[in-house]
Amino acid sequence: MRKIIFIGECAVNIAFQAHTASLSAQSGVMPNGTLLNAAIASAGHDREVIYVSETARDFLGDMLVTHLSESGIDTRCIDRYSEGGATTVYITRHDTDSTCNEVIHSRMPQQKFDTVWPRIDPADIVVFGDYFSLHERTRPQVTDLISHAAERKALIIYVPGFPPQLAPRITRIMPAILENLEMAHIVFTTGRDLKQIFGNSDPETTYRNNIAFHTPVAFNFDPTTGTLSISSANATDSMRLNKPADSASVLSSLIDSCCSLNLTPELIPIFPAALGGTVLKTIADKL
């Protein structure tokens with residue numbers, strides 16, 4: 001069975017209901033981010049999932065890692081730092097479908113990110129991204145691990161989404177984003193990602209003008225309309241999903257579809273136009 005290896009942030013989200021104005025209101029505590037929740041969903045699909053990351057050796061980090069382990073994820077590659085840092089917490093309130101108020105509490109340690117690398121075999125799927133792949137503390141080892149994955153002939157998926165307040169000057173980190181795109185066979189974005197990074201939320205236009213030079217195949221999911229699209233050198237196809245979905249569940253279904261359709265790095269450069277619609281239908285069926 002192909003292993004699914006995720007490389008990304010390991011954080012907690014505290015979510016308040018829309019327009020909450022009192023701390024007495026009920027809130028939900030859950031894992032934060034597309035990558036982390038896609039890993040949980042993939043483990044729920046009976047896939048072998050490994051998560052590569054770091055989090056503090058505090059009670060919140062203990063609870064998070066325990067939750068991931070109980071969800072079926074191999075957590076041996078999550079580095080647990082104990083000095084000078086705390087588990088990152090995102091506090092969010094979704095007031096509408098398209099607006100989100102967010103506060104980030106993050107205190108990282110002084111030392112560089114360092115963890116045990118997972119075993120990567122040919123045809124494994126490696127998924128990396130968010131700000132974890134861009135931060136100067138964590139980026140060197142992430143890029144080294146992705147380069148190793150490429151040498152091992154793994155299928156590499158880049159998920160660039162990250163909160164806009166973490167990178168107010170996108171030009172500063174654009175070289176790293178482009179380098180990440182160069183390392184990936186597939187990129188998975190949302191309309192917000194495209195707008196934030198490239199200034200245009202249209203997936204076909206952005207693919208032709210900004211992504212195609214670096215990454216052969218691009219998927220984009222617009223949660224507000226439920227539209228999923230795929231762009232390659234040959235064509236762009238899109239479809240409206242029949243049921244509500246979030247980015248994490250769509251990404252997990254994309255990964256599951258790559259396994260079902262036996263997509264490998266060797267097939268990506270000759271990705272046929274006719275396969276686009278098949279992939280979209282397979283993802284929709286798995287949701």
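Calculation criteria
Residues numbered from 1 in each chain as written. Predicted model: local features only at pLDDT ≥ 70, side-chain atom pairs only at ≥ 80, totals over all residues. Heavy atoms only, no water. Helix = DSSP H or I, 4+ residues; strand = E, 2+ residues; numbered from the N terminus. Polar contact = N/O pair within 3.5 Å; in protein donor to acceptor, adjacent residues only side chain to side chain. 1 Å grid on protein atoms, 1.4 Å probe; cavity = no way out; pocket = protein on both sides within 12 Å on 5 of 7 lines; lining within 4 Å. Points joined across faces, edges and corners; volume = space filled by probe spheres on them. Nonpolar A, V, L, I, M, F, W, Y, C, P; charged D, E, K, R; others polar. Axes fitted to C-alpha atoms, helices over the stretch in contact; angles between N-to-C directions. Parallel < 35°, antiparallel > 145°, perpendicular 65-115°, else oblique. Left-handed = near helix turned anticlockwise from the far one by under 90°. Contact = heavy atoms within 4.5 Å. Buried < 20%, exposed > 50% of the residue type's maximum accessible area, 1.4 Å probe, protein only. Salt bridge = Lys/Arg side-chain N within 4 Å of Asp/Glu carboxyl O. Pairing = 2+ DSSP bridges. Right-handed = clockwise from strand over helix to strand, strands pointing away. Core = buried A, V, L, I, M, F, W, Y, C linked by side-chain atoms within 4.5 Å.

A. Molecular detail of the side chain of N220. Looking at where N220 falls in the secondary structure, it is placed in strand 12 (residues 217-222). A distance of 2.7 Å separates polar atoms of two side chains, one belonging to N220 and the other to T189.

B. Spotlight on empty space enclosed by the protein. Considering all chains together, one arrives at 3 cavities of 30 Å³ or more under this definition. Volume-wise, the largest cavity comes out at about 50 Å³. Of all the secondary structure elements, the ones that give two or more residues to the lining of the largest cavity are helix 6 (203-211), strand 12 and strand 13 (227-231). Taken together, the residues of the lining of the largest cavity sort by class into 5 nonpolar, 5 polar and no charged. Of the pockets and cavities examined, the second largest cavity occupies roughly 40 Å³.

C. How the structure looks around the packing of helix 1 (residues 34-44) against helix 7 (residues 247-260). Running from N to C, helix 1 and helix 7 cross one another at 55°; their axes reach a closest spacing of 8 Å. The angle between helix 1 and helix 7 places the two elements in the oblique class. Considering how the two elements wind past one another, helix 1 and helix 7 form a crossing that is right-handed. Taking contact as the criterion, the partners of T34, L35, N37, A38, A41 and S42 in helix 1 are, on helix 7, S247, A248, L251, S252 and I255. For the contact of helix 1 with helix 7, the class distribution of residues is 6 nonpolar, 5 polar and no charged.

D. Molecular detail of the side chain of Q196. By secondary structure assignment, the location of Q196 is in helix 5 (residues 191-198). Under the relative-accessibility criterion, Q196 is labelled buried at 19%. Sequence-distant contacts of Q196, defined by excluding residues within four places in its chain, comprise F162, P163, P164 and I170.

E. Region of the structure containing the pattern of salt bridges. Enumeration according to the criterion identifies 11 salt bridges in this entry. In this structure, D121 and K3 form a salt bridge, with 2.7 Å as the shortest nitrogen-oxygen distance. Remark: K3 occurs in strand 1 (residues 3-7) and D121 occurs in the loop between strand 8 (100-107) and strand 9 (125-129); sequence separation between them is 118 residues. When the shortest N-O distance is used, the salt bridge between D256 and K286 registers 3.4 Å. You can see D256 sitting in helix 7 and its partner K286 sitting in helix 8 (residues 273-286), a full 30 residues away along the chain. Of the residues examined, D256 reaches a relative accessible area of 10% and is grouped as buried.

F. Summary view of the packing of helix 4 (residues 170-183) against helix 5. The contact between helix 4 and helix 5 brings their axes to 10 Å, and the two run at 120°. As summarised for this structure, helix 4 and helix 5 are arranged oblique, according to the angle between their axes. For the pair formed by helix 4 and helix 5, the contact residues are I170, M174, I177 and L181 on the first element and Q196, I197 and F198 on the second. Each residue belonging to the contact of helix 4 with helix 5 can be placed in one class, and the counts come to 6 nonpolar, 1 polar and no charged.

G. The pairing of strand 9, seen in detail. Among the 5 residues in strand 9, 5 count as buried, and that is most of the element. Residues of strand 9 alternate between two faces, with I125, V127 and G129 on one and V126 and F128 on the opposite face, all of them buried. Here 4 bridges tie strand 1 to strand 9, and the two strands are oriented parallel to one another. Each bridged residue has a counterpart across the sheet, and for I7 the counterpart in strand 9 is F128. Note that strand 9 and strand 10 (residues 155-159) share 5 bridges and pair parallel. The partner of V126 across the bridge, within strand 10, is I156. Crossover strand 9 to strand 10 through helix 3 (residues 139-151) is right-handed.

H. Region of interest: the nonpolar core. Within the largest apolar cluster, 45 residues are counted, with the highest numbers of intra-cluster contacts made by F6, Y51, I125, V127, F219 and L251. Contacts of F219, omitting those with residues within four sequence positions, involve I186, V187, F188, T189, S229, I230, L254, V279, L280 and I283. The next biggest cluster of nonpolar side chains, apart from the first, holds 35 residues, and it includes V52, C77, Y158 and M183.

I. Quick look at the layout of surface pockets. In this structure, the second largest pocket encloses a volume near 300 Å³. Along the walls of the second largest pocket sit 19 residues, with E9, T88, S106, M108 and H135 positioned nearest its centre. Across the lining of the second largest pocket, the residue classes tally to 10 nonpolar, 5 polar and 4 charged.

J. Main features of helix 1. Among all positions in helix 1, only L35, L36, A38, A39, I40, S42 and A43 are buried. Remark: D46 follows helix 1 within two positions and exhibits a positive phi of approximately 65°.

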